[in-house]
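Tertiary structure, described
Read off the chains here:
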Amino acid sequence: MSGPSPNDEEIQDSVHDAAFREQARILHSNSDNANLIVGCVLVAAPLYIGVDKLVLAVWLALLIVANLLRSIVARRYDRPKYQDNPKAWVRLLSGVALVGGVVWGMPGALLFLDPGPVSAALIVFILAGVAAAGVAAAAVSVRVYLWFLIPVLVPMAAFFLLNEGLVNRMMGVLVIFFGLVLVKNVRSIETSVIENAALN
């Protein structure tokens, strides 16, 4: 059985390139989020009572820096260098997504310091909300979303799984299941974008 003709390979490459460019375009449209700095303050505010003030201030500063970095990367999208090579821009965005995920996931590490039941509940609520909200920003790329999601959820999942008690273990499993469901949803959206780009 003969392989695909060169013409078929060229068509496949063209479709793949068009799909990737569409992914990059959508990622760019969702990436310039400098306005979310206000959101960072609102997210950090509920932890003011139960978390050390210096720790909270450092975390908030890092959140602002991470969001500014994402905004800077978004503004580089229109440069000829990245228009000719959108994969390079997506790699850059993936790195920023990792930085953002690490910073957003830091409160999960605070759970190991026993911040109190109210603060712990707020941290779990915040991290779950951030993980879900990340779908809107990176829904067309599983790769970019995973760079963000893993450092957000791993500290929280580790806390529950490493603590004794059936409830803690169940919470850890639920955190993992929650992450898998989010990834499945992102994969479905990514597939739809690729298929639509191929049809066009």
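This one's a predicted model, so the numbers in the text were calculated from it and none came from an experiment. (Residues numbered from 1 in each chain as written. Predicted model: local features only at pLDDT ≥ 70, side-chain atom pairs only at ≥ 80, totals over all residues. Heavy atoms only, no water.)

Assigned secondary structure in the chain consists of eight helices and zero strands. For the chain, the N- to C-terminal ordering of α and β elements is α-α-α-α-α-α-α-α. Per-residue burial for the chain yields a buried fraction of 38% across its 200 residues. In the chain, the proportion of contacts linking residues at least 24 apart, taken out of those at least 6 apart, comes to 71%. (Helix = DSSP H or I, 4+ residues; strand = E, 2+ residues; numbered from the N terminus. Buried < 20%, exposed > 50% of the residue type's maximum accessible area, 1.4 Å probe, protein only. Contact = heavy atoms within 4.5 Å.)

By the definition in use, this model includes one cavity of 30 Å³ or more. Within this model, the largest cavity holds a volume of roughly 30 Å³. Secondary structure elements with two or more residues in the lining of the largest cavity: helix 3 (53-75) and helix 5 (86-110). By residue number, the principal contributor to the lining of the largest cavity is helix 3, which donates three residues. Its residues assigned to classes, the lining of the largest cavity comprises seven nonpolar, no polar and no charged. (1 Å grid on protein atoms, 1.4 Å probe; cavity = no way out; pocket = protein on both sides within 12 Å on 5 of 7 lines; lining within 4 Å. Points joined across faces, edges and corners; volume = space filled by probe spheres on them. Nonpolar A, V, L, I, M, F, W, Y, C, P; charged D, E, K, R; others polar.)

Approximately 150 Å³ is the volume attributed to the second largest pocket. Around the second largest pocket, the lining residues are Leu146, Leu149, Ile150, Leu153, Val154, Ala157, Val175, Ile176, Gly179, Leu180 and Val183. Counting only elements with at least two residues in the lining of the second largest pocket, the list comes to helix 7 (142-162) and helix 8 (166-199). It is helix 7 that provides the largest number of residues to the lining of the second largest pocket, a total of six residues. Of the residues in the lining of the second largest pocket, the class split is 10 nonpolar, one polar and no charged.

Glancing now at the packing of aromatic side chains. Applying the stated criterion across every chain, the model contains four aromatic pairs. For the ring pair Trp59 and Trp104, a centre distance of 5.9 Å and an interplane angle of 85° mean the geometry is edge-to-face. In this pair, Trp59 is assigned in helix 3 and Trp104 in helix 5, connecting sequence segments 45 residues apart. A residue is classified by how much of its surface remains accessible, and Trp59, at 6% relative accessible area, is buried. (Phe/Tyr/Trp six-rings, centres within 6.5 Å; stacked < 30°, edge-to-face > 60°.)

Further remarks concern the environment of Arg187. Relative to the helices and strands, Arg187 resides in helix 8. We classify Arg187 as partly exposed; its relative accessible area is 47%. Distance in space between the C-alpha atoms of Arg187 and Ala139 is 7.8 Å, their sequence separation being 48 residues.

Another point: a nonpolar patch on the surface. Residues Leu54, Val58, Leu62, Leu98, Val102, Met106 and Trp147 make up a contiguous nonpolar surface patch of about 590 Å² in total accessible area. Listing elements by their share of the nonpolar patch, those giving two or more residues are helix 3 and helix 5. Looking at the element boundaries, Met106 is found in helix 5. (Patch = residues over 30% accessible without salt bridge, like charges linked within 9 Å, V, L, I, M, F, W, Y side chains within 5 Å. Areas by Shrake-Rupley, 256 points an atom, 1.4 Å probe, with all protein chains shown as cover. Salt bridge = Lys/Arg side-chain N within 4 Å of Asp/Glu carboxyl O.)

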